[in-house]
Amino acid sequence: MVAFSKIVIAGGGIIGNSVAYYLAKLKIASTIIDPVGIAPAASGKAGGFLARDWSDGSPIGQLQQHSFDLHAQQAEDLGAANIDYRRLACMAVGCDERAAAVAKPSGKKLEGVEWADINVLGRQKMGGTDTIAQVHPKKLCDAMWKYSQDNAGSKLIVGKVVEALLNDDGSISGVKLDDGSTVDCDALVIACGPWTDAVKTWFPPEVSKIIPRMLGVKYHSILIKSPHVLNEAVFFSGFGDPEVYPRPDGDAYITGFPDPAVVVNESPGEEEVRPEVVSRLVDATKKVSSLLGPIAPHTEQACYLPTTNDSLPVIGGVPGVKGAFIGSGHGCWGILNGPATGEAIAELLTEGETKHVNIKVLGVDSPYRR
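Only a predicted model underlies this, so the values are computations on that prediction, with no experimental measurement involved.

Chemist: Please clarify how the sheet that holds strand β11 (residues 182–184) should be interpreted in this entry.
Modeler: Taken together, the three strands give an open sheet; going across it, the order is β9-β10-β11, and neighbouring strands pair in antiparallel fashion. The open sheet is flanked by β9 (161–166) and β11, the only strands paired with a single partner. The mean angle between the axes of side-by-side strands here comes to 25 degrees, regardless of whether they run parallel or antiparallel. Sheet analysis places strand β10 (residues 172–177) next to β11, joined by three bridges and oriented antiparallel. Note that in β11 the partner of Lys176 across the bridge is Thr182.

Now the structure itself:
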C-alpha cells in the first residue's frame with residue numbers, strides 16, 4: 001500500500017536521505033528540497049561514530065540497536081569501502097592534567113591503548129568490534145542519494161521551504177519556496193536538523209505550538225592525517241574531554257568543546273569556525289598523543305547538532321496535519337540513528353505504521369515530552 005504519491009522531504013542530511021533511500025528500495029520516488037544540497041551541514045561534518053548498545057534501557061534503545069544493524073546492512077548494499085564503514089574498538093582514557101606542563105613522550109604507550117601515550121593515567125574498554133563501528137557521514141549520504149536517484153528517480157531541488165500549503169481539510173497540498181515557486185505534494189517530511197525550529201512558521205499557530213522546540217549545539221572538529229591508519233576510537237577524560245575517531249582513510253577526526261544549545265541563526269554550510277576552539281582541539285591533541293600531536297590539521301570545521309528540550313528525537317506524524325511527518329533532534333546520535341529513523345518514516349508513508357521500531361515514545365505528542 002502506498003499511502004502518498006508525491007513525497008517532498010525538506011532537508012538533505014542523514015535523516016532526509018535515509019527516508020529517500022528506504023522509499024527508493026520500494027521503487028518510490030521522492031523530492032529532497034535543501035537550501036544547499038546533499039549533506040551540507042552536520043551530516044557532512046560529523047564523526048560517524050556508531051555504538052549499538054550505549055542507549056540500552058532508554059527510550060531510544062530499540063531505535064539505536066536497529067539502526068546500528070541497518071548500518072551494517074547498508075555497508076553490504078552500498079559497499080563498505082564506498083562509505084568508509086568498518087568495525088573498530090573504543091576506549092575511555094583518563095588524563096593527568098597536572099603533568100601536562102612538563103610532559104614529554106615516554107616512548108611507552110598505555111597498555112591496551114593503541115596510540116594515546118602522553119599524560120595518560122588509565123583506560124577502560126567501552127566496546128569492541130561487536131558493538132562499535134563507524135561510517136563517513138558525507139560519503140554515506142552521497143551513496144544513499146545516488147541509490148535513490150538511480151533506483152527510483154528521486155530528485156533534488158536546491159531551495160528553501162518557507163510555507164506548508166494545506167487543503168481545506170488541513171492536509172498537505174504542497175510547499176512554497178523562498179523564490180515564490182511551489183511544489184505540489186501530498187506528503188511532507190520535515191528533516192531540517194537544527195533548523196527545524198523555523199518550521200513552526202510554515203504552519204498555522206495551532207499546529208506550530210505542538211511542534212517541539214528545536215535547538216542546536218555547535219561542535220568544532222579538526223581532521224589530522226595520521227602517519228598510518230589507526231583502529232581505536234578514544235574518549236578522553238581531561239583536557240576538555242576530546243573525542244578522537246580514526247578513519248580507514250588515515251584521517252583522525254577530533255572533536256570536543258561544545259557550545260551551549262541555542263536557536264540556530266547561521267545558515268547550513270556557512271557555520272563560523274572559531275580559531276580559539278580549533279586551537280583548544282589542537283592543544284588537547286598535543287597533550288595526549290606523540291603520534292598525532294605534531295601534525296597540523298588539514299581541515300577545520302563546525303556544525304550544529306539538533307537537540308530538543310527533553311533530549312529525545314522527534315519522529316512521527318504531525319498531529320492534525322495529514323501528510324506531515326517529522327524526523328529531527330537526534331543530538332550526537334544523528335548519524336547512528338538516521339537509517340532506522342528514515343526506515344520508520346518510510347514505513348509510515350507507505351504502510352501507515354512502523355514495522356521494525358516502536359516510535360510512539362518519540363512522537364510529537366509523546367508523554368515523555370516536557
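Chemist: Honestly, the pairing of strand β17 (residues 299–308) in this entry has me stumped. Any pointers?
Modeler: Taken across its ten residues, β17 has eight buried, putting it largely inside the fold. Of the pairings in the sheet, the one linking strand β13 (residues 214–225) to β17 comprises ten bridges and is antiparallel in character. When the sheet's bridge partners are listed, Leu223 is paired in β17 with Thr299.

Chemist: I keep staring at the pattern of salt bridges and nothing clicks. Help me out?
Modeler: Pairing between side chains of opposite charge can happen when the charged atoms of each approach one another. Taken as a whole, this structure holds 13 salt bridges when the rule is applied. Here Lys45 makes a salt bridge to Glu271, at a shortest N to O gap of 2.9 Å. You can see Lys45 sitting in helix α2 (residues 42–45) and its partner Glu271 sitting in the loop between β16 (251–256) and α7 (275–286), a full 226 residues away along the chain. The residues Lys45 and Glu271 share a single accessibility class, namely buried. Glu276 is paired through a salt bridge with Arg274; the nearest N and O atoms lie 3.2 Å apart. Three or more residues are tied together by salt bridges with common partners; here these are Asp259, Arg274 and Glu276.

Chemist: What is the right way to read the sheet that holds strand β7 (residues 132–134) from this model?
Modeler: Within a beta sheet, neighbouring strands are joined by backbone hydrogen bonds and run either parallel or antiparallel to one another. Strand order in the open sheet made by the three strands is β3-β7-β4, with antiparallel pairing throughout. Strand pairing shows two members of the sheet lacking a second neighbour, β3 (49–51) and β4 (86–87), which therefore form its edges. Bridge count for β3 against β7 is three bridges, and the pairing is antiparallel. Bridging from a neighbouring strand, Ala51 pairs with Ile132 of β7.

Chemist: Would you mind showing me how to read α7 here?
Modeler: Owing to its 3.6 residues per turn, the α-helix brings residues three or four apart onto one side. Compared with an ideal rise of 1.5 Å per residue, which puts twelve residues at 16 Å, α7 spans 16 Å between its outermost C-alpha atoms and is within 8% of the ideal. Taken together, the buried positions of α7 are occupied by Val277, Val278, Leu281, Val282, Ala284 and Thr285. Summarising the axial view, the buried residues of α7 lie within an arc of 160 degrees, below the 170-degree limit, and thus occupy one face. Against β13, β16 and β17 lie the buried residues of α7.

Chemist: Where do I start with the nonpolar core in this structure?
Modeler: Proteins that are soluble and globular tend to have nonpolar side chains buried together. Ranked by size, the top nonpolar core spans 60 residues in total, and within it Ile7, Ile9, Phe49, Leu50, Val189 and Leu349 carry the most contacts. For this core, the element with the most residues is helix α8 (residues 334–351), which contributes eight residues. When residues no more than four places from it in sequence are discounted, the contact partners of Ile7 are Leu23, Ile28, Ser30, Thr31, Asp186, Ala187, Val189 and Leu349. Counting residues in hydrophobic clusters, the runner-up holds 29 residues, among them Val199, Val207, Val264 and Val321.

Chemist: Even after reading the chapter, I still don't get the pairing of strand β14 (residues 232–237), so can you show me in this structure?
Modeler: Consecutive side chains along a regular strand alternate between the two faces of the sheet. Most of β14 sits out of view: five of its six residues are buried. The sheet contact formed by strand β5 (residues 89–95) and β14 spans six bridges and is parallel. Within β14, the residue paired with Ala89 across the bridge is Glu232. When β14 meets strand β15 (residues 243–246), the two strands line up antiparallel, connected through two bridges. From the neighbouring strand, Val234 faces β15, where its bridge partner is Val244. Here β14 folds back onto β15, and the loop between the two strands holds five residues, one of which, Gly238, carries a positive phi near 125 degrees.

Chemist: In this structure, what is going on with unusual backbone geometry? I would like to understand it.
Modeler: Of note, Asp84 is a non-glycine position whose phi angle comes to about 55 degrees, a positive value. In this structure, Phe257 takes a positive phi of about 55 degrees despite not being glycine. By the secondary structure assignment, Phe257 is in the loop between β16 and α7.

Chemist: When you look at the packing of helix α1 (residues 14–24) against helix α5 (residues 137–152) in this model, what are you seeing that I'm missing?
Modeler: In a packed pair of helices, the relevant descriptors are the angle between the two axes and the axis-to-axis distance. In contact at an axis separation of 9 Å, α1 and α5 are set at 35 degrees when each is read in the N-to-C sense. Note that α1 runs across α5; the crossing there is left-handed. Residue-level inspection shows Ile14, Asn17, Ser18, Ala20, Tyr21 and Ala24 of α1 in contact with α5, the latter providing Leu140, Cys141, Met144, Trp145, Tyr147, Ser148, Asn151 and Ala152. Of the residues assigned to the contact of α1 with α5, the class counts are ten nonpolar, four polar and no charged.

Chemist: Please explain the side chain of Thr131 as it appears in this structure.
Modeler: Its location among the elements puts Thr131 in the loop between β6 (120–127) and β7. For Thr131, a relative accessible area of 13% translates into the label buried. Residues in contact with Thr131, not counting those within four places in the same chain, are Leu50, Ala51, Arg52, Asp53, Phe68 and Arg87.

Criteria and thresholds
Residues numbered from 1 in each chain as written. Predicted model: local features only at pLDDT ≥ 70, side-chain atom pairs only at ≥ 80, totals over all residues. Heavy atoms only, no water. Pairing = 2+ DSSP bridges. Helix = DSSP H or I, 4+ residues; strand = E, 2+ residues; numbered from the N terminus. Axes fitted to C-alpha atoms, helices over the stretch in contact; angles between N-to-C directions. Buried < 20%, exposed > 50% of the residue type's maximum accessible area, 1.4 Å probe, protein only. Salt bridge = Lys/Arg side-chain N within 4 Å of Asp/Glu carboxyl O. Expected span 1.5 Å × (residues − 1). Arc of directions from axis to C-beta. Contact = heavy atoms within 4.5 Å. Core = buried A, V, L, I, M, F, W, Y, C linked by side-chain atoms within 4.5 Å. Left-handed = near helix turned anticlockwise from the far one by under 90°. Nonpolar A, V, L, I, M, F, W, Y, C, P; charged D, E, K, R; others polar.

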